[in-house]
Amino acid sequence: MTRKLRCNAIALGVAVALALTGCSGSDKPADSSADSKGLEKTTIKVGALPVPDAVSLYLANAKGFFKEEGLTVNPVIITGGAAALPQIESGALDISMTNYVSTFLAVSTGKKIKLIADCYQAGPNTFNIMVPGDSPLKTVADLKGKTVLVNNLHNISTLAVATQLKVAGLKETDVKFAEKPLPEMGAAIKSGQGDAGLLTEPFITATQSASGFRKLADTMTGQMENFPIAGWMATEDWSAKYPKTLAAFQRAISKAQQLASSDRKQIETMLPTYTKIDAKTASVITLGTYPSELNADRLQKVADLMLEYGYLKSAIDVKSVIAAPSSS
């Protein structure tokens, strides 16, 4: 064989080998397993608060539930559902945790968002109005003219406080609300930036143990007993553009919700990995429940209470806000 023929044969052999390698199942691109599931988008950013409500997001990552669905989920810390809304609208986030009050308020102003999965339902002593141990405030009635810190204005926190004010014979306008992220709230109250704060776990337990805070009132009583608190939202456009990605997220989150609701130890192990709380505190905090399915009748309670307290100008049919189940 001449030198020219040998070179041609080698070149042909290399080309064939490269072509075969490109088709080989043993050398697939990193995304191929996800692509084989037909997902329109395989990597998504999901907003979440550093609180027990969001534990299923982290469980689904740790247990491989997202991976099984072909998804890579990158959690992003947010301060609240209202603050996260512009981020999902801009595309900075694909999906975000939200409280239902913020969601229905946004819908009432024309925002095109959908609830895609449930997240958290309150239990006793999971949303408490807290004050320093030496505070002169003894009852909710004492809050008149005082400053109450909340994570976001005009959301689940302010509504929860408003229901307690009503019982005490006060109106929401009888107190001043100011925003402060939950992790900073205890220190802000101690420094005089507020007289009281609506705190959730793990911050209730943390401020009690570290700073001697005490409970002024449990807001999850009366009208707000077993109140639906948080879910996962996406824009209508995103939900329509990525239906298979959405369905994959829903399946993984539902699986994680079931795990969280059946095994508290899973929650205790996970909390120190994404919140500023140690294992000892995680073992004693008070938790709500983790529903695995969105229930329109249950969520209607939120919208109806918002209408009663003037958060909504007209009634909302919650069924219209819930994303239709995917057959994918």
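Just so it is clear, the model here is predicted, and its values are computed rather than measured.

A. Region of the structure containing the layout of surface pockets. Of the volumes computed, that of the second largest pocket is approximately 190 Å³. Around the second largest pocket, the lining is made up of 14 residues, and of these Pro183, Gly186, Phe203, Ala206 and Thr207 lie nearest the centre. At the level of elements, α8 (182-190) and α9 (203-211) are the ones that each hand at least two residues to the lining of the second largest pocket. Counting residues per element, the lining of the second largest pocket draws most heavily on α8, which supplies 6 residues. Of the residues in the lining of the second largest pocket, the class split is 9 nonpolar, 3 polar and 2 charged.

B. Inspection of the packing of helix α3 (residues 55-62) against helix α12 (residues 264-274) at higher detail. At a minimum axis separation of 10 Å, α3 and α12 run at an interaxial angle of 95 degrees. Comparing their axes, α12 and α3 come out roughly perpendicular. Each of Val55, Tyr58, Leu59 and Ala62 in α3 lies in contact with α12, whose residues at this interface are Gln266, Ile267, Met270 and Tyr274. For the contact of α3 with α12, the per-class residue count stands at 7 nonpolar, 1 polar and no charged.

C. Spotlight on unusual backbone geometry. Along the chain, glutamate 201 connects to proline 202 via a cis peptide bond; the corresponding omega equals 10 degrees. Within the fold, proline 202 resides in the loop between β8 (196-200) and α9. Residues other than glycine seldom take positive phi values, yet asparagine 125 does so here, at roughly 60 degrees. Its place among the elements puts asparagine 125 in the loop between β4 (113-121) and β5 (127-131). We classify asparagine 125 as partly exposed; its relative accessible area is 26%. The phi torsion at asparagine 226 lies on the positive side, around 55 degrees, for a residue other than glycine. Topologically, asparagine 226 is positioned in the loop between β9 (214-218) and β10 (228-235).

D. Molecular detail of the environment of asparagine 155. Along the chain, asparagine 155 falls in the loop between β6 (147-150) and α7 (156-167). Each C-alpha atom of the pair asparagine 155 and tyrosine 100 lies 8.4 Å from the other, and the pair is 55 residues apart in sequence. Residue contacts for asparagine 155: discarding those within four places in its chain leaves Asn99, Val101, Ser102 and Tyr311.

E. Focus on empty space enclosed by the protein. For the coordinates displayed, the defined rule picks out 1 cavity of 30 Å³ or more. Of the voids in this model, the largest cavity is the one considered here, and its volume is about 160 Å³. Taken together, 18 residues make up the lining of the largest cavity; nearest its centre are Leu49, Asp53, Phe127, Asn151 and Ile156. Where the lining of the largest cavity is concerned, the elements lending two or more residues are β3 (95-99), α7, β8 and β10. For the lining of the largest cavity, the element with the most residues is β3, which contributes 3 residues. Of the residues that constitute the lining of the largest cavity, the class distribution is 10 nonpolar, 7 polar and 1 charged.

Calculation notes
Residues numbered from 1 in each chain as written. Predicted model: local features only at pLDDT ≥ 70, side-chain atom pairs only at ≥ 80, totals over all residues. Heavy atoms only, no water. 1 Å grid on protein atoms, 1.4 Å probe; cavity = no way out; pocket = protein on both sides within 12 Å on 5 of 7 lines; lining within 4 Å. Points joined across faces, edges and corners; volume = space filled by probe spheres on them. Helix = DSSP H or I, 4+ residues; strand = E, 2+ residues; numbered from the N terminus. Nonpolar A, V, L, I, M, F, W, Y, C, P; charged D, E, K, R; others polar. Axes fitted to C-alpha atoms, helices over the stretch in contact; angles between N-to-C directions. Parallel < 35°, antiparallel > 145°, perpendicular 65-115°, else oblique. Contact = heavy atoms within 4.5 Å. Buried < 20%, exposed > 50% of the residue type's maximum accessible area, 1.4 Å probe, protein only.

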